Amino acid sequence: MKNVYHIGRFQFDSYTEYKKGLEDVKKIKYISDEVDINEPGVALRLYTLIRQNEINFQSAIGEDYLLYLSDLLADDYKELSDVETPYLANLGRTRSPRKLVGILCIVAAVTCFLYFVGSEWMSYQRTRELKELQQDRDISRAAGYIAEKLKEKYREKDEEEVPQEEHASGGEAMTGEVGQVDSGNEEVPKTILPEYVDFHGQNPDMVGWITIAETNVDYPVVQSPDSNEYYLKHNFFGEEDANGCIFLDMRNHLEPGDTNLILYGHNMRSGMMFGELKKYQEEEHFKAHPQIEFHTLYEKRKYDIIAVCLAQVEYQDEERFRYYNFLNASSQQEFDVFKENVEKLNIYGDSVDMEYGDQLLTLSTCNNYIEDGRLFLVARRVE
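Residues numbered from 1 in each chain as written. Predicted model: local features only at pLDDT ≥ 70, side-chain atom pairs only at ≥ 80, totals over all residues. Heavy atoms only, no water.

## Quick notes on the pairing of strand E8 (residues 302-312)
- Burial analysis of E8 places eight of its eleven residues in the buried class, which makes it a mostly covered element.
- In terms of strand pairing, strand E7 (residues 291-296) meets E8 through three bridges, oriented antiparallel. Residue pairing in the sheet places Glu-293 in a bridge with Lys-302 of E8.
- Hairpin remark: E7 followed by E8, antiparallel, with five residues in the connecting loop.
- Direction of pairing for E8 relative to strand E10 (residues 373-382): antiparallel, over a ladder of ten bridges. Paired with Tyr-303 across the two strands is Arg-381, which belongs to E10. (Buried < 20%, exposed > 50% of the residue type's maximum accessible area, 1.4 Å probe, protein only. Helix = DSSP H or I, 4+ residues; strand = E, 2+ residues; numbered from the N terminus. Pairing = 2+ DSSP bridges.)

And the structure:
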C-alpha cells in the first residue's frame, strides 16, 4: 500500500514531496515572524521576491501562500494582470486587515503544530520500524542457535551409531561435516547465518549487521552495487527516509576482504544511525564502549576501536589525505602513510595500535565542528 503524507489539507504522495512541504511551512513561519505583511509595500515586496524566485517555494503550500499574497494585493494593485500571474485570477475579494492578521496567525500556529506533530510521528515510525528489525533479528538468532544445537545433538548420535570398523576403514576422505566429501578442488559454498536469512530475502543489498553494545548503533548494513548516494535517503525497505541506512562503501569487497571496510551513516540529532558516534569525543564514553561487532552475512566479527578522528572533506583539486579513499594497502609503505595520517587526526594522541596486515573497519559520519567536517572511527579486527 502506497504511503500518503498530509500537512493540513495538503496531501503528498511521497516522503520527498512531504519534506518539501515542511520546508515551505518553515519559510512561511519565518516570514510571518519577521515581517508585518499589512505594512505598506510589504506584501508586494514578498510577492515580487517569490515571483522572481528570490524566495523559492517547492510545494503546493508555497503556491497557496502566493495566492494568499495576491489576494491581499487585489484592491491596491489592479495593474497586476492575469497574464503576469495565474494566481491573480480571483482578485476583487477584500478582507479587513484585522481578519487577515487573525487568519495569518491561525495558519502559522496550525502549520507549526502540524510540522511538530508530523516530525515527531515520522521519527516515531522510523524508530518503531528499526526496533521491529532488531526484534526480528533476535528471534531469528535464537531460532538459529536452537537449530544448530539440535543439529549437533543428532550428528553426535549418528556418529555414535556408526560401527568403529567403518571409521577405521579409510575408504573415503571425510571432512568435518558428516556426509560431505572433500574433493580438494571445489569450494564449499558459504551459508548465510540463520538470523540474517529472512533479512537478506527482504533486501538482497544486505551485507551484515553492526552493533555497539549499550548504544543506539544496532542496525542492518547494506551496500548498493552502483551508488553511495541511494542509502543516504532510503531505508532498509527501499522507502524514502531522511535517516537513510548504514551502508558499506560501494567500492569495498567483503570476499575477499579489503584492508579497510568503510561504513557510512547520518549524524542524526535523534541519535539514530551514527548520531551517537559524536559521544566518542568524550573519553569516558570511548573507554566504556571500545568494541564494535560487525557481522557479515556469513561470519561474526569483532573490532577494537583504535582511533577517533576529526577531518574535513577535501576539494577535488587539493592533494591532501582522504581517509575515505583508503580501501586497500598494496604495500607496507601505503599502509604506513594511512597510519601516519590517522595518528595526526586522532584526538586521543599520536599513537595508533595497528600494523600492516591488520583488517580495519572505519565508521564515518558528518560532524559540524567545521564546514564539511567529518568524524570517523578506525577499528582493528580481533579474534
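## Remarks on the environment of Val-342
- In this fold, Val-342 is placed in helix H8 (residues 332-345).
- Look at Val-342 and you get buried, because its relative accessible area is 0%.
- Considered as a pair, Val-342 and Phe-376 are 34 residues apart in the sequence and their alpha carbons are 9.8 Å apart.
- Setting aside anything within four residues of it in sequence, one finds Val-342 in contact with Ala-307, Cys-309, Val-352, Met-354 and Val-378. (Contact = heavy atoms within 4.5 Å.)

## What about the packing of helix H2 (residues 42-51) against helix H3 (residues 60-73)?
- Contact pair H2 / H3: the axes reach a minimum separation of 9 Å and the direction vectors enclose 140°. Compared by their axis directions, H2 and H3 come out oblique. Crossing angle aside, the handedness with which H2 passes H3 is left-handed. Mapping the contact onto sequence places Ala-43, Leu-44, Leu-46, Tyr-47, Ile-50 and Arg-51 in H2 and Tyr-65, Leu-66, Leu-69, Ser-70, Leu-72 and Leu-73 in H3.
- Across the contact of H2 with H3, the residue classes tally to ten nonpolar, one polar and one charged. (Axes fitted to C-alpha atoms, helices over the stretch in contact; angles between N-to-C directions. Parallel < 35°, antiparallel > 145°, perpendicular 65-115°, else oblique. Left-handed = near helix turned anticlockwise from the far one by under 90°. Nonpolar A, V, L, I, M, F, W, Y, C, P; charged D, E, K, R; others polar.)

## Side note on the packing of aromatic side chains
- Throughout the structure, instances matching the rule amount to 15 aromatic pairs.
- The interplanar angle of 80° and the centroid separation of 5.1 Å between the aromatic rings of Tyr-323 and Tyr-324 together place this pair among those described as edge-to-face. Neither Tyr-323 nor Tyr-324 differs from the other in exposure class; each is buried.
- Grouped by ring-pair contacts, the aromatic residues Tyr-196, Phe-199, Trp-209, Phe-236 and Phe-237 constitute a single cluster. (Phe/Tyr/Trp six-rings, centres within 6.5 Å; stacked < 30°, edge-to-face > 60°.)

## Details of H3
- Over its 14 residues, H3 extends 20 Å from the first C-alpha to the last, a length consistent with the 20 Å expected when each residue adds 1.5 Å.
- By the criterion of burial, H3 is predominantly enclosed, with ten of the 14 residues buried.
- Three or more residues of H3 are buried, namely Ile-61, Gly-62, Tyr-65, Leu-66, Tyr-68, Leu-69, Ser-70, Asp-71, Leu-72 and Leu-73. (Expected span 1.5 Å × (residues − 1).)

## Details of unusual backbone geometry
- Omega for the bond connecting Glu-255 with Pro-256 falls within 30 degrees of zero, at -10°, which places this linkage in the cis form.
- In this fold, Pro-256 is placed in the loop between strand E5 (246-248) and strand E6 (260-264).
- Even without a glycine there, the phi angle at Glu-214 is positive, about 60°.
- With respect to the helices, strands and loops of the structure, Glu-214 is situated in the loop between strand E3 (206-211) and strand E4 (218-222).
- Here the phi dihedral of Met-273 falls at roughly 55°; this positive angle occurs in a residue that is not glycine.
- Looking at the element boundaries, Met-273 is found in the loop between E6 and helix H7 (283-288).

## Regarding H2
- When H2 is considered as a whole, its buried residues turn out to be Val-42, Ala-43, Leu-46, Tyr-47, Leu-49 and Ile-50. One side of H2 carries all its buried residues, which in axial view fall inside an arc of 165°.
- Trailing H2 by a residue or two, Asn-53 shows a phi angle of about 65°, which is positive. (Arc of directions from axis to C-beta.)

## Quick notes on the nonpolar core
- Core analysis: the biggest nonpolar cluster contains 61 residues, and Ile-210, Leu-263, Ile-292, Phe-294, Leu-361 and Leu-363 have the highest contact counts within it.
- Per-element tally for this core: the top contributor is E8, with eight residues.
- Each residue touching Phe-294, except ones within four places of it in the same chain, is listed here: Gly-208, Trp-209, Ile-210, Val-221, Leu-254, Leu-261, Leu-263, Arg-301, Tyr-303 and Leu-361.
- Counting residues in hydrophobic clusters, the runner-up holds 23 residues, among them Val-25, Val-42, Ile-61 and Leu-73. (Core = buried A, V, L, I, M, F, W, Y, C linked by side-chain atoms within 4.5 Å.)

## Re the sheet that holds E10
- Judged by pairing direction, the barrel is mixed, and its eight strands sit side by side in the order E3-E4-E5-E6-E9-E10-E8-E7 before closing back on the first. In this sheet, adjacent strand axes meet at a mean angle of 30° when their direction is disregarded.
- Docked against the sheet, H8 engages E6, E8, strand E9 (360-366) and E10, running at close to 70° with respect to E8.

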